[in-house]
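What follows is the residue order along each chain.
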Amino acid sequence: MNAGDHQLGIYLAGMLEGRTPELTTDLAALENAARKVLSPEALGYIVPSAGSGSTARANLEAFERRRIVPRMLRGVERQRDLSCEVLGTRMPAPVLVAPMGVQTLAHEEGELATVRAAAAVGVPYVHSTAAAHDFEQVAAAGGDAPRWYQLYYPTDRDVCVSFLRRARATGHSVLVVTLDTTLLGWRPADLDRGYLPFLAGTGIANYLSAPSFAGVDNPVTHWAGMFPNPGLSWDDLPFLRDHWDGPIVLKGIMSTEDARLAAEHGMDGIVVSNHGGRQVDGALAALDALPGIAEAVGDRLTVLFDSGVRTGADVVKALALGAKAVLVGRPVLYGLALGGQAGVEHVLRCLLGELDITLALSGYSAPGELGPGALAG
Ligand SMILES: Cc1cc2nc3c(=O)[nH]c(=O)nc-3n(C[C@H](O)[C@H](O)[C@H](O)COP(=O)(O)O)c2cc1C
Ligand SMILES: CCCCCCC(=O)C(=O)O
């Protein structure tokens, strides 16, 4: 099924056959179903957010507050085409799988199941530095389907260069540099449990197979010397340009000033994101930051968005406010927990299907037709 297939197509394609009842097509309800199957450690790591959770709630509330204004009799195409090209990557709809580490917490096959599902639907997969499977394993599972690489910029530049080389050699076309997690946020659910997957050796697969880790006595301690990197600054970006010949996107931009700086530093794109509320509790909702940033950078940068996308209607709202495409986070992991590869495929197909139907019923044939006028509030 393609993104543009209409609702009857979803039924006719038998897409719902064989799914478990927990894999509801109400994507916003998946979290509750996933809570029942995740282990206490996985639940504590994946679902909650930083601090009191106020930013994570604000992300959802910002989507709730904005309403779509459906338009009538606009001659919407019977077969819509949602496909687009973002930073040289063709995709069936303006949706990507957000980079998420330690996916074996949700399902034993972890990233391998997710990348296979993304490949089956054609949605680009963003491989995390903090993944539980390394570049080579993910590339073998994902085949030729589009993949990007997300960098946590390590303190050791040799390791950084080895990551960039391996990412390129294994077919990752765009570099996403996450800026908002130079330290882990204050996450009470993990702190109270005294649990961090990385300290148990999960989520450091890319490091373990890096050349400088060979023969190291205590790889976790070695890793711990490389991950926290709060000293990172704008001056560290040219080094990436020197070692990466494709597009570079900065993830975690939440202010118009930083968006302008990204453009001035020759970046290709940004992800407006507060990391799903997992980092700065009390930060503004990512959706509230989006329109001002999109207006400030105009055509100088490709503006992407994540944090709080749960439904196809949410995708419509983010696109209307200036995002060229959205990255979807936790719902993918909920699908993974509930059904492995099939669960992730279910989530992605539902998201694309609901996006298509919502667009059409709102009077639009293609995502590019959306603008602020599509929304009220
Ligand atoms: C369990 C988990 C692990 C994550 N790991 C990473 C990561 O390794 N790199 C990264 O840039 N973002 C990571 N993120 C953040 C996501 O990329 C994305 O910004 C966030 O999940 C979007 O919010 P949402 O979950 O509300 O969709 C992670 C998110 C979750 C839930
Ligand atoms: C490399 C260690 C930190 C990874 C943090 C993963 C992440 O982004 C998240 O949990 O959120």
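This one's a predicted model, so the numbers in the text were calculated from it and none came from an experiment.

Parameters at a glance
Residues numbered from 1 in each chain as written. Chains lettered and ligands numbered in written order. Predicted model: local features only at pLDDT ≥ 70, side-chain atom pairs only at ≥ 80, totals over all residues. Heavy atoms only, no water. Helix = DSSP H or I, 4+ residues; strand = E, 2+ residues; numbered from the N terminus. Rg over C-alpha atoms; globule rule 2.2 N^0.38 Å. Buried < 20%, exposed > 50% of the residue type's maximum accessible area, 1.4 Å probe, protein only. Areas by Shrake-Rupley, 256 points an atom, 1.4 Å probe, with all protein chains shown as cover. Lys, Arg positive; Asp, Glu negative; His and termini not counted. Charge placed at Lys NZ, Arg CZ, Asp CG, Glu CD. Phe/Tyr/Trp six-rings, centres within 6.5 Å; stacked < 30°, edge-to-face > 60°. Lys NZ or Arg CZ within 6 Å of the ring centre and 35° of its normal. UniProt positions renumbered as here; feature names shortened; annotations may be inferred.

### Comments concerning the overall build of the protein
Helix and strand content of the protein: 15 helices and 12 strands. Computed over its C-alpha atoms, the radius of gyration of the protein comes to 20 Å, within 12% of the 21 Å expected for a compact globule of 377 residues. Dimensions of the protein along its principal axes, counting C-alpha atoms only, are 65 × 50 × 40 Å. Expressed as a percentage of the 377 residues in the protein, the buried residues total 57%. Put simply, the protein shows about 14900 Å² of open surface, and 52% of that area lies on carbon and sulfur atoms. Positive and negative charge centroids in the protein, built from 30 and 41 side chains respectively, lie 5 Å apart.

### Digging into the packing of aromatic side chains
Applying the stated criterion across every chain yields a total of 9 aromatic pairs. Relative to Trp223, the ring of Phe198 has its centre 5.5 Å away and its plane inclined at 20°; by these criteria the two rings are stacked. Linking Phe198 in the loop between helix H8 (188-193) and helix H9 (205-208) with Trp223 in helix H10 (residues 219-224), this pair joins segments that are 25 residues apart in sequence. The buried category is assigned to Trp223, whose relative accessible area is 7%. A network of ring pairs unites the aromatic residues Tyr45, Tyr152, Phe198, Trp223 and Phe227 as a single cluster. Positioned above the aromatic ring of Phe239, the side-chain terminus of Arg157 is 4.1 Å from the ring centre. Directly above the aromatic system of Trp244 lies the positively charged group of Arg168, at a separation of 4.8 Å from the ring centroid.

### A look at the UniProt feature "domain: FMN hydroxy acid dehydrogenase" (unreviewed entry) in the protein
Those places that UniProt annotates as "domain: FMN hydroxy acid dehydrogenase" (unreviewed entry) correspond, in this numbering, to residues 19-377. Across residues 19-377, the secondary structure splits into 40% helix and 13% strand, with the terminal C-alpha atoms separated by 37 Å.

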